[in-house]
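Spelled out from the first residue to the last, the chains are:
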Amino acid sequence: MAENGENSDGGQKTKPPIKKKRPEDFRFGPILGEGSYSTVKLACEISTGREFAMKILEKRHIVKEKKVPQVEREKKVLSRLDHPFFVKLYFTFQDPERLYFGLSVARKGELLSKIKQLGKFDVDCTRFYSAQIVSALQHLHSLNIIHRDLKPENILFNDLMQIQITDFGTAKEVTESDLETPKASSFVGTAQYVSPELLKDKQAGVSSDLWALGCIIFQMLSGKFPFQAPNEYLIFQQILSCRYELPDYFPDDAKDLITNLLQLDPLKRIGCPTCGGYDALMSHPFFKGINWDTLLIAPAPQVM
Ligand SMILES: Nc1ncnc2c1ncn2[C@@H]1O[C@H](COP(=O)(O)OP(=O)(O)OP(=O)(O)O)[C@@H](O)[C@H]1O
Ligand SMILES: O=C(O)C[C@H](Cc1nc2cc(Cl)cc(Cl)c2[nH]1)c1ccc(Cl)cc1
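Computed from a prediction, not measured in an experiment: that's the story for all the values here.

Caption draft 1: Up close: the site of ligand 1. Taken together, 16 residues lie near ligand 1, and Ser36, Ser38, Ser104, Ala106 and Glu110 sit nearest. Here a nitrogen atom of ligand 1 sits 2.9 Å away from a polar atom, N or O, in the main chain of Ser104. At a separation of 3.0 Å, an oxygen atom of ligand 1 approaches a polar side-chain atom of Glu110. When atom positions are compared with the pocket grids, ligand 1 is found to occupy the largest pocket. Sorting the residues of the shell around ligand 1 by element identifies strand E1 (26-34) and strand E3 (51-58) as the ones contributing at least two each. Looking at the shell around ligand 1, the element that brings in the most residues is E1, giving three residues.

Caption draft 2: Broad picture of the nonpolar core. Ranked by size, the top nonpolar core spans 72 residues in total, and within it Leu111, Ile133, Ile163, Phe168, Leu213, Leu281 and Phe287 carry the most contacts. The greatest single-element share of this core, amounting to 10 residues, is contributed by helix H7 (residues 206-222). Setting aside residues no more than four positions away along its own chain, Phe168 makes contact with Arg73, Glu74, Val77, Leu78, Leu81, Phe86, Leu140 and His147. By size, the runner-up hydrophobic cluster in this structure holds eight residues, among which are Phe26, Ala43, Phe93 and Tyr100.

Caption draft 3: Layout of the state of the cysteines. Under the definition given, this model contains zero disulfides. Residue Cys125 stays outside any disulfide, its sulfur separated by 19 Å from that of Cys215, the closest cysteine. Between Cys272, a free cysteine, and Cys275, which holds the nearest cysteine sulfur, the sulfur-to-sulfur gap is 5.0 Å. By relative accessible area, which is 2% here, Cys272 ends up buried.

Caption draft 4: Examining the site of ligand 2 more closely. Around ligand 2, a shell composed of 13 residues is seen, among which Lys20, Glu72, Lys75, Thr92 and Phe93 lie nearest. The contact in question runs from an oxygen atom of ligand 2 to an N or O atom on the side chain of Lys20, over 3.4 Å. One of the side-chain N or O atoms of Thr92 is found 2.8 Å from an oxygen atom in ligand 2. Here ligand 2 has 540 Å² of accessible area as a free molecule, and 79% of this is covered by the chains. Of all the secondary structure elements, the ones that give two or more residues to the shell around ligand 2 are helix H1 (59-64), helix H2 (68-80), strand E4 (89-94) and strand E5 (98-103).

Caption draft 5: Summary view of the pattern of salt bridges. Tallying each qualifying case throughout the model produces 18 salt bridges. Ionic pairing is found between Arg50 and Glu45, a salt bridge with its closest N-O pair at 3.5 Å. Across the salt bridge formed by Arg107 and Asp159, the nearest N and O atoms sit 3.2 Å from each other. Of this pair, Arg107 sits in the loop between E5 and helix H3 (111-118) while Asp159 sits in the loop between strand E7 (155-157) and strand E8 (163-165), placing them 52 residues apart in sequence. By relative accessible area, which is 42% here, Arg107 ends up partly exposed. Because the salt bridges share partners, they merge into one network encompassing Glu58, Asp95, Glu97 and Arg98.

Caption draft 6: Local environment of empty space enclosed by the protein. For the structure on display, the rule yields one cavity of 30 Å³ or more. Along the walls of the largest cavity sit Arg148, Asp149, Leu150, Gly189, Thr190, Tyr193, Val194, Ser195, Leu198, Ser208, Asp209 and Ala212, which together make up its complete lining. If one sorts the elements of the lining of the largest cavity by residue count, H7 sits on top with three residues. Its residues assigned to classes, the lining of the largest cavity comprises five nonpolar, four polar and three charged.

Caption draft 7: Broad picture of unusual backbone geometry. We note that Lys66 has phi near 55°; this positive angle belongs to a residue other than glycine. On the secondary structure map, Lys66 appears in the loop between H1 and H2. With a phi close to 60°, Asn144 is a non-glycine residue in the positive phi region. Along the chain, Asn144 falls in the loop between helix H4 (123-142) and strand E6 (145-146). We classify Asn144 as partly exposed; its relative accessible area is 42%.

Definitions and limits used
Residues numbered from 1 in each chain as written. Chains lettered and ligands numbered in written order. Predicted model: local features only at pLDDT ≥ 70, side-chain atom pairs only at ≥ 80, totals over all residues. Heavy atoms only, no water. Near = heavy atom within 4 Å. Polar contact = N/O pair within 3.5 Å; in protein donor to acceptor, adjacent residues only side chain to side chain. 1 Å grid on protein atoms, 1.4 Å probe; cavity = no way out; pocket = protein on both sides within 12 Å on 5 of 7 lines; lining within 4 Å. Sits in = over half its atoms within 2 Å of the grid points. Helix = DSSP H or I, 4+ residues; strand = E, 2+ residues; numbered from the N terminus. Core = buried A, V, L, I, M, F, W, Y, C linked by side-chain atoms within 4.5 Å. Buried < 20%, exposed > 50% of the residue type's maximum accessible area, 1.4 Å probe, protein only. Contact = heavy atoms within 4.5 Å. Disulfide = S-S within 2.5 Å. Areas by Shrake-Rupley, 256 points an atom, 1.4 Å probe, with all protein chains shown as cover. Salt bridge = Lys/Arg side-chain N within 4 Å of Asp/Glu carboxyl O. Points joined across faces, edges and corners; volume = space filled by probe spheres on them. Nonpolar A, V, L, I, M, F, W, Y, C, P; charged D, E, K, R; others polar.

Structure, rendered in structure tokens:
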């Protein structure tokens, strides 16, 4: 009889290799959404009945558009994430023409759609969902990963109306060497949410996600972008000079939080390591009443 996980011949028991899945293992359902390089379909695994959001990419298109590094980065970053507020990657596989990401399903759409539907969120709703984003960023940044393109289109909701941050093709893992000798990056985020340092020096740090957080809180409370102009060049000018106006109806603690996030100097943004870190951000008056521990626990499903 093998002892302590050893084989009968006394060798160490090795886990059986995970069997790669195949397209024929799934019944594909409706399209959940489409990206520039991908189609996301609902997929049911025939043998288990489990449902996934299957993100499917055409190899030819990925190679032609020189997006191989982004796909590999998305796989690498998603494989490291296991947290209630992030889309989960369960498996990947490929066939001769396509790549497949097996993801958790975020069935309740995008934060952007919710903001558009309601026009804007009330303060309590903004506080609740901003706190979820803060909790998610705290986890992401603890792994030295920067999202770099955080925006309401990349924040989805699952059946329990918990946020599910997605789209890690442009994420960056900050290494020691990056901190010592920051390298300029060719990637720039989405105009309305891009940080001034990414525009100016092409360098992003964890603080770039905090700038985007400030923009998103502003947008939840007002339904509008803090930096808005007829074209991207004028938006960039506003960002670089940190020119925005806080509506009078914003509560004072919201105005203070947004002002401390939309700081031109990335070292002065509340939540960054040189500005009190996440303790300072999570204890800001705007988040008074938030229980950061129970936030992570999914609410009891609503009894119909
Ligand atoms: N896990 C998921 N559950 C439900 N819907 C999803 C999921 N992932 C993506 N989607 C939907 O599919 C659409 C395409 O997502 P995908 O990440 O493939 O591309 P994208 O990042 O939105 O587009 P682009 O590549 O142009 O940035 C999105 O609009 C999103 O709403
Ligand atoms: O099987 C694995 O996990 C590793 C492969 C690696 C891999 N094979 C590729 C082929 C092409 Cl054409 C493009 C990319 Cl980005 C490719 N990446 C892979 C398969 C699927 C996905 Cl979604 C990502 C990576």
